[in-house]
Amino acid sequence: MSRAFQVTIDSSDPRALGGFWAEVLGYVEDAPPPGFATWTEALTAWGLPPERQNDAYAVVDPDGAGPRVFLQKVPEGKTAKNRLHLDVRLSGVPGPAEGKGEQLQAEADRLVALGATVVRETLTEVDHYLVMQDPEGNEFCLT
């Protein structure tokens, strides 16, 4: 039996970090519940005060193929290396010997403009990838 799953990321600003990940993955904001035009409208109707309306945020694959990414507000900041990270693979990108570096660099430049940081680059005969951090310091690989 297969199971659906979501990826959950702790965050100090779920909406902002969710916007970053939506841009990285080509995702969109999770739709508000039926009967509501926006999440703000839904949360207000449910009585959630404005200061709590950024406690959680979710983005989804518009094609429904990828997992939902759920971001939850936590009081503490990131203090150590992730035990789990996302690998963001560029589709249709050639191997290391066929010019993958140029496409990786172009995508890394786009992500840096969104608030990411390049940590290091790894190039071997069989692989080429960049270790990066999102705006809150969570590691991910661009491959």
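Residues numbered from 1 in each chain as written. Predicted model: local features only at pLDDT ≥ 70, side-chain atom pairs only at ≥ 80, totals over all residues. Heavy atoms only, no water.

A. Layout of helix α3 (residues 100-113). Taking 1.5 Å of rise per residue, the 14 residues of α3 would be expected to cover 20 Å, and the 20 Å separating its terminal C-alpha atoms lies within 8% of that figure. Taken together, the buried positions of α3 are occupied by Lys100, Leu104, Glu107, Ala108 and Leu111. Along the axis of α3, the buried positions cluster into a sector of 105°, meaning they face one direction only. In α3, the exposed positions angled more than 90 degrees off the buried face are occupied by Glu102 and Ala113. (Helix = DSSP H or I, 4+ residues; strand = E, 2+ residues; numbered from the N terminus. Expected span 1.5 Å × (residues − 1). Buried < 20%, exposed > 50% of the residue type's maximum accessible area, 1.4 Å probe, protein only. Arc of directions from axis to C-beta.)

B. Main features of the sheet that holds strand β5 (residues 86-88). Ordered in space as β5-β8-β7-β6, the four strands form an open sheet in which the pairing is mixed. Each having just a single partner strand, β5 and β6 (117-123) make up the two edges of the open sheet. Each neighbouring strand pair of the sheet contributes to a mean axis angle of 25°, computed without reference to strand direction. Here four bridges tie strand β7 (residues 128-133) to strand β8 (residues 139-142), and the two strands are oriented antiparallel to one another. (Pairing = 2+ DSSP bridges. Axes fitted to C-alpha atoms, helices over the stretch in contact; angles between N-to-C directions.)

C. Focus on the pattern of salt bridges. By the definition in use, this model includes six salt bridges. Taking the shortest distance from any N to any O, the salt bridge between Glu29 and Arg15 comes out at 3.4 Å. Remark: Arg15 occurs in helix α1 (residues 14-25) and Glu29 occurs in strand β2 (residues 28-29); sequence separation between them is 14 residues. Among the ionic pairs, Asp55 bridges to Arg52, the shortest N-O distance being 2.3 Å. The exposure class of Asp55 is partly exposed, given its relative accessible area of 22%. (Salt bridge = Lys/Arg side-chain N within 4 Å of Asp/Glu carboxyl O.)

D. Quick peek at the pairing of β7. Pairing of β6 with β7 involves six bridges; the strand directions are antiparallel. Residue pairing for β7: Leu123 is matched across the bridge by His128. The hairpin formed by β6 and β7 contains four residues between the paired strands. Between β7 and β8, which pair antiparallel and follow one another directly, the connecting turn spans five residues, one of which, Gly137, has a positive phi of 90°.

E. Main features of the packing of α1 against α3. Contact geometry for α1 and α3: axes closest at 10 Å, N-to-C directions at 160°. Our classification of the angle between α1 and α3 gives roughly antiparallel. Two packed elements cross with a definite hand, and for α1 against α3 that hand is right-handed. Touching Phe20, Glu23 and Val24 of α1 are Glu107, Arg110 and Leu111, all from α3. Split by residue class, the contact of α1 with α3 holds three nonpolar, no polar and three charged. (Parallel < 35°, antiparallel > 145°, perpendicular 65-115°, else oblique. Left-handed = near helix turned anticlockwise from the far one by under 90°. Contact = heavy atoms within 4.5 Å. Nonpolar A, V, L, I, M, F, W, Y, C, P; charged D, E, K, R; others polar.)

F. How the structure looks around α1. Taking 1.5 Å of rise per residue, 12 residues should cover 16 Å, and α1 covers 16 Å from first to last C-alpha, within 8% of that figure. Of all the positions in α1, only Pro14, Leu17, Gly18, Phe20, Trp21, Ala22 and Val24 are classed as buried. The secondary structure elements touched by the buried residues of α1 are β1 (6-11), β3 (56-60), β4 (68-73), β5, α3 and β8. Gly26 lies just past α1 and shows a positive phi near 75°.

G. Quick peek at the sheet that holds β3. Taken together, four strands build an open sheet; the order of strands is β1-β4-β3-β2 and the sheet is mixed. The open sheet terminates on both sides in strands that have one partner only, identified here as β1 and β2. Note that β2 and β3 share two bridges and pair antiparallel. Bridge pairing in β3 places Glu29 opposite Val59.

The values reported here are purely geometric and, on their own, carry no functional implication.
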